[in-house]
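Coordinate analysis (summary)
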Amino acid sequence: MPRMLDVSDEVRSEIGDDEADRLLAGDRAPASYECTSCRTPGDTDIEATSTVLFVADETAVLAFAHARCIPSQVVPVSEEQLAGAVRSISQAQTGAPGPGAPNTPTVPASPAAPAAPAGAVADPAAQPTAPGQAAILGITCGLVLHDKVGHASLVVEPTGPVGRPGSTSGEDEFLDLLQDAGFQPVSDLNETPDQLAGWSVLVAMGKLHAILQPAAAGGSTGWWQAHQPLQVTEAWRMAASQLSEVTMYAVPAGMVGRQPREDLLRQALERAVSLGQVVAASLPLAGT
């Protein structure tokens, strides 16, 4: 029986026309699944469903999501990161693997520090950087109100100065680098920043995996990747799913710090905004 599946052109080009046709005909697609974005049940017989293909260097994994949560797409990931996410996907749902993909494949992890859930202490690994050491990007998740509407947000703060490649001056150019990439200075925390083309936030099985940026050769590549996928709160996940985007704020080292509650996080962000030390953008959800 044909399924209510959407297989995008980029997914079709990766898995091939024969595999795509088998999915659409219902031969390789599950009748029921757990949405890899919102983690609630889905039914390909009665609900529009997106095919989402995670592609690493040697492994590919096909997952399923409600079409209302995310569109059908290809999500480039590293072999290391594809591990934790695949274990979660394999345990929670029955999926049709892409060509050459084992039934229990693997999602990327990067040298960045782990993030912190809303209302929790930020990155335990993101300690202040000693002179001469490379800065680590710490991330805190929380809901930030934009005119009384809670937006799933990420606050990115390095542990030390971030300079341009090759720079030895020690000058912190973190915000300048992000503005070069399209992030905009924040003057009012109640305003939702514009969406930034090419960037996205990868949430798989209710966990934060990575922030993706445009790759030079096309597609996406990891800008920040969690050492271990972070379990976000239900409120954060629901806000991100409902709006299909996440607000990313970035501040210089030491500007916001570790805040145990969302009200304190907002106060710290407001202080940083008053000092002109915040840039932001709205990033669409990617992957699951």
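Let us look at the structure shown here. (Residues numbered from 1 in each chain as written. Predicted model: local features only at pLDDT ≥ 70, side-chain atom pairs only at ≥ 80, totals over all residues. Heavy atoms only, no water.)

As a further point, take the overall build of the protein chain. Counting its regular elements, the protein chain contains 6 helices and 15 strands. For the protein chain, the exposed area adds up to about 12600 Å²; of that, 50% sits on carbon and sulfur atoms. (Helix = DSSP H or I, 4+ residues; strand = E, 2+ residues; numbered from the N terminus. Areas by Shrake-Rupley, 256 points an atom, 1.4 Å probe, with all protein chains shown as cover.)

This brings us to the side chain of Glu-245. Take Glu-245: it is sitting in strand E14 (residues 245-250). Despite its burial, Glu-245 pairs with no opposite charge; the closest candidate is Arg-266, at 14 Å N-O. A polar contact of 2.9 Å, which involves the side chain of Glu-245, links it to the side chain of Gln-195. Setting aside chain neighbours within four positions, we find Glu-245 in contact with His-151, Thr-192, Gln-195, Ala-240, Ser-282, Leu-283, Pro-284 and Leu-285. (Buried < 20%, exposed > 50% of the residue type's maximum accessible area, 1.4 Å probe, protein only. Lys, Arg positive; Asp, Glu negative; His and termini not counted. Salt bridge = Lys/Arg side-chain N within 4 Å of Asp/Glu carboxyl O. Polar contact = N/O pair within 3.5 Å; in protein donor to acceptor, adjacent residues only side chain to side chain. Contact = heavy atoms within 4.5 Å.)

This paragraph deals with the side chain of Ser-282. Summarising the element assignment, Ser-282 is placed in strand E15 (residues 279-286). We classify Ser-282 as buried; its relative accessible area is 1%. With residues near it in sequence (within four places) discarded, Ser-282 still touches Thr-192, Pro-193, Asp-194, Gln-195, Leu-196, Glu-245, Val-246 and Thr-247.

With that settled, consider unusual backbone geometry. Of note in this structure, Asp-147 is not a glycine but carries a positive phi near 50 degrees. Its location among the elements puts Asp-147 in the loop between strand E8 (137-146) and strand E9 (149-158). Classification of Asp-147 by relative accessible area gives exposed; the value is 60%. If you check the backbone angles, Lys-148 has positive phi at about 75 degrees while not being a glycine. Looking at where Lys-148 falls in the secondary structure, it is placed in the loop between E8 and E9.

Judged by nonpolar contacts, the single largest core of 61 residues is most densely connected at Phe-54, Leu-154, Phe-183, Leu-208, Ile-211, Trp-236 and Leu-283. If one sorts the elements of this core by residue count, strand E5 (residues 60-66) sits on top with 6 residues. Formed by 14 residues, the second largest nonpolar core is a distinct cluster that contains Leu-189, Val-251, Val-273 and Val-278. (Core = buried A, V, L, I, M, F, W, Y, C linked by side-chain atoms within 4.5 Å.)

Taken as a whole and assessed by the stated rule, the structure comprises 6 salt bridges. Across the salt bridge formed by Asp-17 and Arg-12, the nearest N and O atoms sit 3.2 Å from each other. A salt bridge links Arg-261 to Asp-263, with the nearest nitrogen and oxygen atoms 2.9 Å apart. Relative accessible area serves as the criterion here: at 45%, Arg-261 is assigned to the partly exposed category.

Our next topic: the environment of Leu-154. Summarising the element assignment, Leu-154 is placed in strand E9. Sequence-distant contacts of Leu-154, that is, excluding residues within four places in its chain, are made with Ile-139, Thr-140, Cys-141, Val-201, Leu-208, Ile-211, Trp-236, Val-246, Thr-247, Met-248 and Tyr-249.

You can see Thr-221 is positioned in strand E13 (residues 220-231). When near neighbours in sequence (up to four residues on either side) are disregarded, Thr-221 contacts Ile-211, Leu-212, Gln-213, Pro-214 and Ala-215.

Bringing the packing of aromatic side chains into the picture now. Each aromatic ring pair is characterised by the separation of its centres together with the angle its planes make. In this structure the tally under the stated criterion is 3 aromatic pairs. Through pairs of rings, three or more aromatic residues link up here, namely Phe-183, Trp-199 and Trp-223. (Phe/Tyr/Trp six-rings, centres within 6.5 Å; stacked < 30°, edge-to-face > 60°.)

Turning our eyes to something else, we now look at the pairing of strand E4 (residues 49-55). When you tally the buried positions in E4, you get 7 out of 7 residues, the bulk of the element. Of the two faces of E4, both are covered, the one formed by Thr-49, Thr-51, Leu-53 and Val-55 as well as the one formed by Ser-50, Val-52 and Phe-54. Where strand E1 (residues 5-6) lies against E4, 2 bridges are found, and the strand directions are parallel. The partner of Leu-5 across the bridge, within E4, is Thr-49. In this structure, E4 lies alongside E5, joined through 7 bridges in antiparallel fashion. Along E5, the bridge assignment pairs Leu-53 with Leu-62. Taking the residues between adjacent antiparallel strands as the criterion, E4 and E5 are bridged by 4 residues. Where E4 meets strand E6 (residues 73-76), 4 bridges bridge the pair, whose relative direction is parallel. Across the sheet, Val-55 pairs through a bridge with Pro-76, a residue of E6. (Pairing = 2+ DSSP bridges.)

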